[in-house]
Amino acid sequence: MGSDAGTILNPDTYVDAVPYAALARLRRESPVVWLDEPEVDGWPAGPGFWAVLRHADVRHVLRHPEIFSSQLGATQIRDPATPEALAYVRRMMLNLDPPEHFRLRGLLTKAFTPRAVARLEHRIEGWARDLVAAVAERGECDFAKEVAADLPLLTLAEVFGVPAQDRWLLFDWSNRVIGYQDPEYAVSAHAGAGGSTGMARRAIALRPVPDAAGRMPDPRTRQGMPDLYGYAAELGEYKRRHPGDDVMSNLMRHRDDAGGQVAIEEFENLFWLFSVAGNETLRNGLPGGMIGLLSTPDAQRALRRDPALLPAAVEEMLRWWTPVMHFRRTATVDTELAGVRIRAGEKVVVWFSAANRDEAAFDDPDTFRPDRTPNDHLTFGHGPHFCLGAHLARVQLRAMFAAVLDLLGELEPAGEPVRLRSNFQNGIKSLPIRWRTRVP
């Protein structure tokens with residue numbers, strides 16, 4: 001067990017591939033296993049945690065926040081460095097438990113009005129087609145950089161009412177938070193002041209720089225992302241005074257059952273969550289889905305013959321790739337899971353990469369099968385924290401691959417993918433592909 005445990009926690013492992021074989025061996029040994037928590041990249045060692053690897057047990061943990069809390073210790077394996085840092089992250093919706101979680105989620109759900117969602121869906125279809133059409137005549141591209149990266153940015157900019165010229169700030173912020181273990185992404189600074197709005201220029205002036213040892217401040221703290229929070233505070237105040245017809249303007253107008261509105265601090269934390277989770281999951285899910293198609297040429301042909309198969313193929317892309325690999329909970333009481341005793345206060349980490357490849361839940365789980373039904377994957381979570389952006393994520397995946405299959409010829413790899421160094425996000429930084437010229 002020791003060797004496999006070290007493998008799945010080492011971010012260097014993921015530069016080559018997700019260690020599915022090691023996860024499967026651990027799951028066969030015990031569906032809930034204790035793993036030590038070694039020092040990683042200068043972050044101190046922790047007390048260890050229970051890894052939950054079986055599909056049924058992951059569902060159980062996510063369905064019972066009264067036993068397995070998001071708020072006690074937040075949702076990352078590594079503990080926040082200080083009590084102040086923990087108090088800060090506990091205020092994010094991702095790290096709230098009911099009933100506080102229900103209040104904020106309810107306000108957000110109201111903000112995604114049918115009219116706003118319909119407008120988003122229409123624009124997403126147009127953006128996806130434009131991005132693919134821009135490379136179609138070339139016969140090759142870097143799908144991750146030139147196509148997949150921009151669709152979630154355009155979508156998020158529309159959700160927030162962020163000016164389109166500022167959207168690459170979202171790219172940098174998600175790189176720094178999700179890719180903090182990757183030396184390239186940890187210092188991401190693609191967005192420049194030229195051509196940006198005044199809000200963006202003021203935010204860029206706050207962007208942190210590496211210290212003398214080359215380390216950036218912890219991006220999972222408020223102090224580590226002063227540029228994001230500066231932009232969010234200014235944007236939130238602007239939306240309050242000058243609401244538009246975007247989702248976040250709707251959010252700032254709505255009141256909860258007690259008559260309260262979203263505070264600017266809550267808006268800032270929601271901006272952080274959407275900028276990171278709403279961007280990075282899709283940005284990696286799109287190239288992950290492409291890798292699935294490249295691994296199964298027959299699937300491409302079947303989808304071209306019958307586009308009605310695409311929704312099922314998108315669900316299989318989400319299962320097979322699984323962009324977010326794990327999330328943490330903390331036991332609130334002494335309990336038992338799969339016959340294992342868990343003490344109050346211990347970390348419990350649900351491993352989506354293992355659950356979505358569990359042979360007890362999926363036949364032939366390591367094979368990409370675009371016609372797989374049913375497909376009860378856990379990529380968007382389960383229970384109270386089921387991903388609010390799941391619908392828009394599916395819309396973006398379907399729109400992108402509909403455009404790819406319609407405008408490009410038969411796809412094949414044009415080089416090796418470059419993977420993100422991260423034990424949290426199943427990320428792709430570069431994916432060269434090419435296609436044969438289509439005959440009319």
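All of the points below concern the structure found in this document. (Residues numbered from 1 in each chain as written. Predicted model: local features only at pLDDT ≥ 70, side-chain atom pairs only at ≥ 80, totals over all residues. Heavy atoms only, no water.)

A regular strand places its side chains on the two faces of the sheet in alternate fashion. The buried fraction of strand β5 (residues 326-331) amounts to six of the six residues, a majority that puts the element mostly inside the structure. Of the two faces of β5, the one carrying His326, Arg328 and Thr330 and the one carrying Phe327, Arg329 and Ala331 are both buried. Pairing of strand β3 (residues 68-69) with β5 involves two bridges; the strand directions are antiparallel. Bridge pairing in β5 places serine 69 opposite threonine 330. Where β5 and strand β8 (residues 347-351) come together, five bridges link them in antiparallel fashion. For arginine 328, the partnering residue across the bridge sits in β8 and is valine 349. (Buried < 20%, exposed > 50% of the residue type's maximum accessible area, 1.4 Å probe, protein only. Helix = DSSP H or I, 4+ residues; strand = E, 2+ residues; numbered from the N terminus. Pairing = 2+ DSSP bridges.)

Spatially, five strands are ordered β1-β2-β8-β5-β3 in an open sheet, and the strand pairing comes out mixed. Each edge of the sheet is formed by a strand with only one pairing partner; in this case those strands are β1 (32-37) and β3. Sitting on the sheet, helix α3 (residues 55-63) touches β2 (46-52), β3, β5 and β8, and the angle it makes with β8 is about 125°. (Contact = heavy atoms within 4.5 Å. Axes fitted to C-alpha atoms, helices over the stretch in contact; angles between N-to-C directions.)

Right, let's talk about the sheet that holds strand β9 (residues 411-413) for a bit. Strand order in the open sheet made by the three strands is β4-β12-β9, with antiparallel pairing throughout. The open sheet has two free edges, formed respectively by β4 (140-142) and β9, since each of these has just one partner strand. Neighbouring strand axes in the sheet, compared pairwise and without regard to direction, differ in orientation by 30° on average. Two elements, β4 and strand β12 (residues 432-435), share three bridges in a ladder whose sense is antiparallel. Residue pairing in the sheet places aspartate 142 in a bridge with proline 432 of β12. Seen against the sheet, helix α13 (residues 264-295) touches β9 and β12 and runs at an angle of roughly 100° to β9.

Attention shifts here to the environment of threonine 221. Within the secondary structure, threonine 221 is located in the loop between α10 (198-204) and α11 (226-241). Given the relative accessible area of 12%, threonine 221 is considered buried. Non-local contacts of threonine 221, meaning those with residues more than four positions away in its chain, are made with Ala85 and Tyr88.

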